[in-house]
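# Analysis of the macromolecular model
Each chain is listed here by its residues.
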Amino acid sequence: MTNPYEVLGVAPTAASADIQKAYRKLAKKLHPDLNPGDKAAEEKFKEVTAAYDLLGDAEKRKRFDAGEIDATGAERPQQRFYRDYATSDHAHPYTSDSGYADFMDADDALAELLRRSERARANRRGQDLHYRLPIDFAESITGANKRLTLPDGGTLDVTIPPGLVDGQILRLRGKGAPGAGTGGPGDALIEVEVEPDPRFTREGDDISLELPISLSEAVLGGRIRVPTPTGAVTMTVPKGSNTGTMMRLKGKGAPRDGGGHGDQFVKLKVVLPKSPDPELEAFVSNWEKGKAFDPREDGAS
Amino acid sequence: MTMDKQDFLSRAGLQVQTLELWLEQRWLIPEQTSAGTNFSDMDVARARLIRDLKDDFGVNDAGVDVILHLLDQLHGLRRAFDQLHRDI
């Protein structure tokens, strides 16, 4: 595994603009289509692309710098200190009972408890392992099946339940570290991180979305396509809809705990044509009623 | 998760000679199998601790020996105490 900073030939402190510049320069030189027949260039191009994939994404770069993922983007468990292992229930060769062995020889209740715990420790459950898994906003609503690449090259199939929220922790029973004796393995704990979608905002089980509509759709009404996390649906906009008008798409929100779904709220936003339109200008300047209407007459100036 | 010697050396950031020395001192006790020596994540963490003690804190070899011995006792006690706590 090569260091992505070295692959791109930039310093670990480089600004993202410099990383982009370095990537473009290398990519131009190495692109397979510009080097037909040069196998080495192709390999190098893949490497450069992978490195840029990681460093070009501010979030991934941050995680790589913090050592949470390796150069291939695979999850790396958070750094564990020795004490995390030493105090775990896992049997290990470094255990020493010389700090309390003399108590155990005694004939009282405490000694009996100590002796019992010595025996119990031989059959300890394995440790829980912690991972992080980023998913799309849409996946958090619909649910998904994801595969997590583990540091040892193995994989873990994770079923994302529909309606999951950011920071929720999924427990996969028996997918943690192996246990001792008849103790059985620990669990894998996966913290799911929902990447925000710029279009949608979630509040509880409801989702809201601001949807631009054209002037003619606002005035005349019509059927328009609306994106939802589960795919686009058709919605009827009534005649004379205004900016700020709220429409409700029933059952298009996140799944509810007790069954059913929340709603999706669509807030309309009237958008004028991009370039000034002479016909529209001509119409509005001759439109006496429109001029007479003052939306600020009730004091909202 | 276990690994072979080569993997262990790169993950713990150790030289072969250093490892030999530490094994001789019994600072590290990797698992011995028919296929050879097997290192665990715990061995890596312990090796990093020893490296921190020696390189960053300037503890000498005799000092590392004492610290490890006391630490092993402390952790043994902590475990026994923890177990007692759960039993009562």
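Coordinates for the structure precede this section.
So, here's what we can say about the structure. Within each chain, residues carry numbers counting from 1 in the order of the written sequence. Each chain is given a letter, starting from A, and each ligand a number, starting from 1, according to the order in which they appear as written. Residues qualify for local features only when their pLDDT is at least 70, as the model is predicted, and side-chain atom pairs are given and counted only at 80 or more; totals for whole chains, interfaces and linings, by contrast, use all residues.

## Concerning the overall build of chain B
Where we set the bar: By the criteria applied, helices consist of DSSP H or I runs no shorter than four residues and strands consist of E runs no shorter than two, each listed in order from the N terminus. Put simply, a residue is buried when 20 or more other C-beta atoms lie within 10 Å of its own C-beta and exposed when 12 or fewer do; between those, it is partly exposed, and each C-beta is set from the backbone.
Within chain B, the secondary structure is distributed over four helices and three strands. For chain B, the succession of helices and strands along the chain, N to C, is β-α-α-β-β-α-α. Each of the 88 residues in chain B was classed as buried or not, and the buried ones make up 25%.

## Quick look at helix H3 (residues 39-55) of chain A
Rule in force here: Take the number of residues in a helix, subtract one, and multiply by 1.5 Å to get its expected span. We call two residues in contact when their backbone-placed C-beta atoms lie within 7 Å.
With 17 residues, H3 of chain A extends 25 Å from end C-alpha to end C-alpha; this agrees with the ideal 24 Å at 1.5 Å per step. Buried-residue contacts for H3 of chain A involve helix H1 (4-8), helix H2 (16-30) and helix H4 (58-65) of chain A.

## Observations regarding the sheet that holds strand E3 (residues 36-40) of chain B
Sheets are built from strands paired through backbone hydrogen bonds, the pairs being either parallel or antiparallel. The test is simple: In this scheme, strands are said to pair when DSSP sees at least two bridges between them.
If you trace the three strands from one edge of the open sheet to the other, you get E1-E3-E2 (chain B), paired in antiparallel fashion. With partners counted over all chains shown, the strands left at the sheet margins are strand E1 (2-3) and strand E2 (31-33) of chain B, one partner each.

## Quick word on the interface of chain A and chain B
Frequently, the measure chosen for interface size is the accessible area that the parts lose on association. What counts is decided by this rule: Each residue is assigned to one class: nonpolar for Ala, Val, Leu, Ile, Met, Phe, Trp, Tyr, Cys and Pro, charged for Asp, Glu, Lys and Arg, and polar for all the others, Gly among them.
With 22 residues of chain A in contact, the opposing surface of chain B contributes 19 residues. Mapped by element, the contributors of at least two residues to the side of chain A that touches chain B are helix H5 (82-86) and helix H7 (109-121) of chain A. For the side of chain A that touches chain B, the element with the most residues is H7 of chain A, which contributes six residues. Partitioning the side of chain A that touches chain B into residue classes produces ten nonpolar, seven polar and five charged.

## Some details on the pairing of strand E9 (residues 233-237) of chain A
Residues and elements named next belong to chain A. Here five bridges tie strand E8 (residues 222-226) to E9, and the two strands are oriented antiparallel to one another. Looking at the pairing, Arg225 lines up with Thr234 of E9. Count of turn residues in the E8/E9 antiparallel hairpin: six residues, of which Gly231 carries a positive phi of about 115°.

## Quick look at the nonpolar core
Quick reminder of the rule: Each nonpolar core reported here comprises buried Ala, Val, Leu, Ile, Met, Phe, Trp, Tyr and Cys residues connected via C-beta atoms within 7 Å.
Leu8, Tyr23, Leu26, Val48, Ala51, Tyr52 and Leu55 of chain A are the most contacted members of the largest nonpolar core, which has 16 residues in total. Looking at this core, the elements that each hand over two or more residues are H1, H2 and H3 of chain A. Per-element tally for this core: the top contributor is H3 of chain A, with six residues. Excluding anything up to four places from it in sequence, Leu55 of chain A contacts Pro4, Leu8, Ile19 and Arg61 of chain A. Ranked by size, the runner-up nonpolar core spans 15 residues in total, among them Tyr85 of chain A together with Leu19, Leu28 and Val44 of chain B.

## A look at the sheet that holds strand E4 (residues 169-172) of chain A
Residues and elements named next belong to chain A. Applicable threshold: All axes here are fitted lines through C-alpha atoms, helices being fitted over the stretch that makes contact, and every angle between N-to-C directions spans 0 to 180 degrees.
Reading across from one edge, E1-E5-E4 is the order of the three strands in this open sheet, with mixed pairing throughout. Since the sheet does not close on itself, it has two edges, and those belong to strand E1 (129-135) and E4, each with one partner. Looking at each pair of strands side by side, their axes are set apart by 25° on average, direction ignored. Note that E4 and strand E5 (residues 188-194) share four bridges and pair antiparallel. Residue Ile169 lies in a different strand from E5, and its bridge partner there is Glu191.

## Some words on the packing of H2 of chain A against H3 of chain A
All names here are of chain A. Rules: Here roughly perpendicular refers to angles of 65 to 115 degrees, roughly parallel to angles under 35, roughly antiparallel to angles over 145, and oblique to all remaining angles. Here a crossing is called left-handed whenever its near helix is offset anticlockwise from the far helix by less than a right angle, and right-handed whenever the offset is clockwise.
For the pair H2 and H3, the least separation of the axes is 10 Å and the interaxial angle reads 160°. One way to sum up the angle between H2 and H3 is to call them roughly antiparallel. Taken as a pair, H2 and H3 cross one another with a handedness that is left-handed. Contacts from Ile19, Tyr23, Leu26, Ala27 and Leu30 of H2 reach H3 at Ala41, Lys44, Phe45, Val48, Tyr52 and Leu55. The residue inventory of the contact of H2 with H3, partitioned by class, reads ten nonpolar, no polar and one charged.

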